[in-house]
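Observations on chain architecture
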Amino acid sequence: MTSADTKPQDSPYALWQQTVSARYRDQSFVARNRSGVEVDPVYGGLDRHGKEAEMPGQYPYTRGIYPIHYQFQPWMDLQIIGFGLPSQTRERMDLLLEQGGSKGYFDREAYNFIFDMPTSMGYDPDHPGVRGSIGDCGISVCKASDYEVLLAGKDLAKTTVSMVLNAGSPAMLGLYLAAAKRRGFAFDKLGGNLTNYIWDFFGHSGGTNFSPRGSYRLIADIASYCAEHVPLWNPLTISEHNICEAGATNVQAVAYSIAAIIAVNEECVKLGIDPDIVVPRFGFHVRYGENFFEEVAKTRALRRVYAKVNRERFGCKKNSSLQARIHAQTAGSLLTAQQPLNNLVRNAYGALAAVLSGANGMTINAYDEALGLPTEEAVTLSLRTSQIIAEETGAVHVSDPFGGSYYVESLTDDIERRVFEIIADIDDRGGLIACIESGWIKQQVSAAAYQWRQEIESGARTMVGVNKYTTDEPEQFAVFQPDPEAARMAIADVERHRLERDAARCAEALEDLRRAAVEVNEGRAIGSVMANLVGAAEADATLGEMQAILHEVFGRNK
Amino acid sequence: MQDSAPKPRVLLTKSFIDSHDRAIATIALALRDAAMEVVLIDYEQPEDVVTVALQEDVDIIGLSFMSGGQVETTEKIVAELQRRDVPDLPVVVGGVIRPFDVAPLEAVGVREIFRGGAPLADVVATFDRLARAYRSRV
């Protein structure tokens, strides 16, 4: 199975075999299908140019980052969870665990927390502009002690905590680390993920996000702190998903995601941080559900472009700097309020595309999310969808099953080429930060969103139940109703917290944070903002108080 | 025949903490394509919406909610419209509007509710009709 110019022992297939036997010794990953036919964990052959094809786990990782993937370690199911008060979310967590969810890697428990919009943006529940949104669509968290309720009794050294939020990200990590410290957990045992969507080019959230320049400086600070003190923590997720959800095409979303990595890396290099120290902990959040084959191809292209950019443009040498880890999420914007059960089917196809792409983690949305916050029944069905794909369909037996497909390979190359063209365009326009500041990126995304909508209007694009196969019958579905008392209780709680804490100690810690922020903003003492966020959170400062200081120093988006 | 009536002026707005702006940005483009003047802002306080509506002399306000605040915020805005003596300025609401939001929204006089999947043509026609009716009020 080698072409004439490749020596058998150096061929990708031979190298893959050597890696697998060195890593997994005699373990067999051969599966047997219904008819008793043996199925190899991966298939090789010649690529489109007649050379022996790259194998999974080999640069540039088109076919996946591991030589053996789901056959050894299935994806991590991270259903989004969070509403109301920490105590209310904790009840839902316990239910999910009971249902067989919340499974992380290596027997860890894993939770994917989503916060209400005030928390997500870094505001406390008693901020005057946020009434009506407290505990709605996410948990309200504003102080370290909230984690003591949310994660009471959990062994944090065996719990993976993923936090989905925007501008509030830096201060939120401070709260979590402070809570872990109080409970006596060493930082080098803590695993988790911070989305850190603190800049703004995919969505609205204009003035609550940090200025683009301030955002990238803060990301460098957090990444550098985590690399040194919380080495198992992933401090940055680039959300291809959010860019798509805001309306971008797949090609645009991959290109802007890579452009974001380039901007982060350039910031690190400017500050004297070796990308190889921080990049291995960066990851992606990718959206699935719009076009099955395009999404498989975009994932393969994303992994390839990421590897090439980090190696060729930034000189990264570590393999882990070249391997794009991908958390998949099905497409929320494709969920329809009309005939909502159809969304179960949409989600299943999206999730299957993610699995056939070799995604590492999975969030399957609930079918009723276009109606409101998910019900328990809907959340359970999402988990079952993942379990059916993993344990019934056989999709996990072979890595990169589309590798070698004329269609998918050609589409992968095409997406790669178009992505590099957009990156070159962004470079010509002065880089991503300049493109965010000028409004160019936003304009591109909105134009793509509007075009998509017009295709729906004209019928050129079908949405079943919306512009085709519609029904007039009124449909009755249970809709989750958040607890209206949650807001009152959250406000009373934070007010009591402010009265009971050591005010002098808290004020001093916030002053230290301000000094560190000013230094970091001037390009010195990188990592000290994160260190002082932990310090301030330990001294009972709230999310909103820390955020106000960061906003003041790093600037708000216009 | 050329339409000599002034273009409808529209204020589209959503909360500063709600990052889901795909729908409102799309509606803004659709209304502009239909020759309306669109002001698109996010507000920190519900009352700010009314201040901007008066400054910009708009004929209609469109509120988008994707992540909470549907009823409480709308009630505050309507109360402020009454306090500032423009109780008839029409308000329409769009986004994730749950069944239990509808009655209180209708009770405060919201003229129309649009959920995801509503045809853009209907949205545009509704804004146009309500805005022109408001402008030509006695």
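Residues numbered from 1 in each chain as written. Chains lettered and ligands numbered in written order. Predicted model: local features only at pLDDT ≥ 70, side-chain atom pairs only at ≥ 80, totals over all residues.

Some points on the overall build of chain B
Here is the rule we go by: Secondary structure elements are taken from DSSP: a helix is a run of H or I of four residues or more, a strand is a run of E of two residues or more, and numbering for both begins at the N terminus. Our radius of gyration is a C-alpha quantity, and the globule rule it is checked against amounts to 2.2 Å times the number of residues to the power 0.38.
Assigned secondary structure in chain B consists of five helices and five strands. Ordered by position from N to C terminus, the α and β elements of chain B give β-α-β-α-β-α-β-α-β-α. The C-alpha atoms of chain B give a radius of gyration of 14 Å, which matches the 14 Å a tight globule of 138 residues would have. Here the C-alpha coordinates of chain B stretch approximately 45 × 35 × 25 Å along the principal axes.

Some remarks on the packing of helix H5 (residues 169-182) of chain A against helix H19 (residues 543-554) of chain A
Residues and elements named next belong to chain A. In plain terms, the rule: To obtain an axis, a line is fitted to C-alpha atoms, over the contacting stretch when the element is a helix, and the angle between two such axes runs from 0 to 180 degrees between their N-to-C directions. Roughly parallel means an angle under 35 degrees; roughly antiparallel means over 145; roughly perpendicular covers 65 to 115; every other angle is labelled oblique. By definition, any crossing whose near helix is turned counterclockwise from its far helix by less than a right angle is left-handed, and any crossing with a clockwise turn is right-handed. The contact criterion used here is simple: two residues whose C-beta atoms, placed from the backbone, lie within 7 Å are in contact. Classification used: nonpolar for Ala, Val, Leu, Ile, Met, Phe, Trp, Tyr, Cys and Pro, charged for Asp, Glu, Lys and Arg, polar for all others including Gly.
Here H5 crosses H19 at 140°, and the two axes come no closer than 9 Å. When the interaxial angle is binned, H5 and H19 end up oblique. As H5 runs across H19, the sense of the crossing is right-handed. Between H5 and H19, the contacting residues are Pro170, Ala171, Met172, Gly174 and Leu175 on the first element and Leu543, Met546, Gln547 and Leu550 on the second. Grouping the constituent residues of the contact of H5 with H19 by class yields seven nonpolar, two polar and no charged.

What about the sheet that holds strand S7 (residues 191-194) of chain A?
Residues and elements named next belong to chain A. Stated formally: Pairing between two strands requires that DSSP report at least two bridges joining them.
Pairing in this open sheet of five strands is parallel, and the strands run S4-S5-S6-S7-S8 from one edge to the other. Both edges of this open sheet fall to strand S4 (80-81) and strand S8 (233-234), since each of them pairs with a single strand only. The pairing of S4 with strand S5 (residues 109-114) spans two bridges and is parallel. Bridging from a neighbouring strand, Ile80 pairs with Asn112 of S5.

Quick look at the interface of chain B and chain A
Contacts between the two partners involve 30 residues from chain B, matched on the other side by 38 residues from chain A. Every element with two or more residues in the side of chain B that touches chain A is listed here: strand S1 (9-15), helix H1 (22-33), helix H3 (70-83), helix H4 (99-107) and helix H5 (120-135) of chain B. Examining the composition of the side of chain B that touches chain A, we find that four residues originate from one element, H1 of chain B, more than from any other. Its residues assigned to classes, the side of chain B that touches chain A comprises 10 nonpolar, 11 polar and nine charged.

Details of H5 of chain B
A turn of α-helix holds 3.6 residues, and therefore any two residues three or four places apart point the same way. Defined as follows: Expected helix span is computed as 1.5 Å times (number of residues minus one). Any residue surrounded by 20 or more other C-beta atoms within 10 Å of its C-beta is treated as buried, while 12 or fewer makes it exposed and the intermediate range makes it partly exposed; C-beta atoms here are placed from the backbone. Think of the arc as the fan of directions from the helix axis to the C-beta atoms.
Across its 16 residues, H5 of chain B extends 22 Å between first and last C-alpha, which sits within 8% of the 22 Å expected from 1.5 Å per residue. Along H5 of chain B, the residues classified as buried are Leu120, Val123, Phe127, Leu130 and Ala131 of chain B. End-on view of H5 of chain B: buried residues confined to an arc of 110°, all on one side of the axis. Exposed side of H5 of chain B, more than 90 degrees from the buried face: Ala121, Asp122 and Ala125 of chain B are the residues found there. Check the buried side of H5 of chain B and you find it contacts helix H15 (440-458) of chain A together with S1, H1, strand S3 (60-65), strand S4 (91-95) and strand S5 (112-114) of chain B.

Here we look at the pairing of strand S2 (residues 37-43) of chain B
All names here are of chain B. Basically, it comes down to this: We call a crossover right-handed when, viewed with both strands directed away from the observer, the connection leading from the first strand over the helix to the second proceeds clockwise.
Taken together, the seven bridges between S1 and S2 define a ladder with parallel strand orientation. Opposite Lys14, over in S2, you have Asp42 as the bridge partner. Regarding the hand of the β-α-β motif, the stretch spanning S1, H1 and S2 is right-handed.

Remarks on the pairing of strand S10 (residues 282-288) of chain A
All names here are of chain A. Of all seven residues making up S10, seven are buried, and the element is well covered by its neighbours. Along S10, one buried face is formed by Phe282, Phe284, Val286 and Tyr288 and the opposite face, lined by Gly283, His285 and Arg287, is buried too. Pairing of strand S9 (residues 236-239) with S10 involves four bridges; the strand directions are parallel. Note that in S10 the partner of Thr237 across the bridge is Gly283. Taken together, the five bridges between S10 and strand S11 (residues 326-330) define a ladder with parallel strand orientation. Paired with Tyr288 across the two strands is Thr330, which belongs to S11. Crossover S10 to S11 through helix H10 (residues 292-313) is right-handed.

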